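# Architecture and fold: a report
Residues per chain, in single letters:
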Amino acid sequence: MQDENFRKELEELFRLFKRLIDKESFDGVPGVDPQQLEQLKTFMAQFDDVKDKLNGEMIPVDPFSKMMVSTLVKQLREQLGPDADEEPQDTIDDILNRREEELQALSDASQRYQSLIETIDEQLKNPELSEEEMDALLDKRSQISAKLSEN
C-alpha cells in the first residue's frame, strides 16, 4: 500500500515536471542547453510509455527519498498554481503521431499520406496555433506531399 502511494506520487512528480517544462520558457536561462532540454522532453514523453511497466516493489525506497519526492511534488504544485491540475492538451506532434499509428494498417501509401495531409489541414484551422506550430505543420505537410508525389 505504501509503495503504491509512492508510485502515484512519483507519477505526479513526472506529470507536474512535464507540465512545468511545457509551460515555462527556458530560452536565455544560463546553464540550460536547448539540446539537453529537448532530450529531457523526450525522456519525459518516454516515461509515460514505461511507467506502467515499473514495479515499485522491485526497488526498495528509503523514507528520505519518499519525503523528497513528496516535497518536490508540493513545490511544483505551488509553482504551477492553478495550472498544476489542468489536463495538458495534446500537442500537434501527439495528434500526428497518433494518426500515423492509426494509418499504419493502410497498405496504400498514397491513401495514408493523403489522410495525414487532411489531418494536418484540420490542425492548421486551429486559431490558437503559434507561429512555430504552424511552421512545423507546414513543413510536415511539405514532406508528406513530396512523398505523395513520389508514389
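Residues numbered from 1 in each chain as written. Predicted model: local features only at pLDDT ≥ 70, side-chain atom pairs only at ≥ 80, totals over all residues. Heavy atoms only, no water.

## With respect to the overall build of the chain
Counting its regular elements, the chain contains six helices and zero strands. Its helices and strands taken in sequence order, the chain reads α-α-α-α-α-α from the N to the C terminus. Sequence separation of 24 or more characterises 69% of the internal contacts of the chain that already satisfy a separation of 6 or more. When the accessible surface of the chain is summed, it comes to about 11100 Å², and 50% of that surface belongs to carbon and sulfur atoms. (Helix = DSSP H or I, 4+ residues; strand = E, 2+ residues; numbered from the N terminus. Contact = heavy atoms within 4.5 Å. Areas by Shrake-Rupley, 256 points an atom, 1.4 Å probe, with all protein chains shown as cover.)

## Observations concerning the side chain of E12
Locating E12 in the fold gives a position in helix α1 (residues 2–23). What makes E12 buried here is its relative accessible area of 17%. Contact partners of E12, with chain neighbours within four places excluded, come to V73 and R77. (Buried < 20%, exposed > 50% of the residue type's maximum accessible area, 1.4 Å probe, protein only.)

## Brief notes about a negative patch on the surface
Together, E131, E132, E133, D135 and D139 line one region of the surface with negative charge. Turning to its location among the elements, E131 is positioned in helix α6 (residues 131–150). The class for E131 is exposed, based on a relative accessible area of 65%. (Patch = residues over 30% accessible without salt bridge, like charges linked within 9 Å, V, L, I, M, F, W, Y side chains within 5 Å. Salt bridge = Lys/Arg side-chain N within 4 Å of Asp/Glu carboxyl O. Lys, Arg positive; Asp, Glu negative; His and termini not counted. Charge placed at Lys NZ, Arg CZ, Asp CG, Glu CD.)

## Observations regarding the pattern of salt bridges
Scanning the entire structure with this criterion turns up four salt bridges. Among the ionic pairs, R77 bridges to E12, the shortest N-O distance being 2.6 Å. Remark: E12 occurs in helix α1 and R77 occurs in helix α3 (residues 63–80); sequence separation between them is 65 residues. Here D121 and R141 are joined by a salt bridge, their closest N and O atoms 2.6 Å apart. Of the two residues, D121 sits in helix α5 (residues 109–124) while R141 sits in helix α6, which places them 20 residues apart along the sequence.

## With respect to the nonpolar core
Membership of the largest hydrophobic core is limited to eleven residues, which are I92, L96, L103, A109, Y113, L116, I117, I120, L129, L137 and I144. Mapped onto this core, the elements with two or more residues apiece are α4 (92–103), α5 and α6. Leave out the neighbours within four places in its chain, and I144 touches Y113, L116, I117 and I120. Core analysis: the next-biggest nonpolar cluster, separate from the first, contains nine residues, L13, L16, L20 and A84 among them. (Core = buried A, V, L, I, M, F, W, Y, C linked by side-chain atoms within 4.5 Å.)

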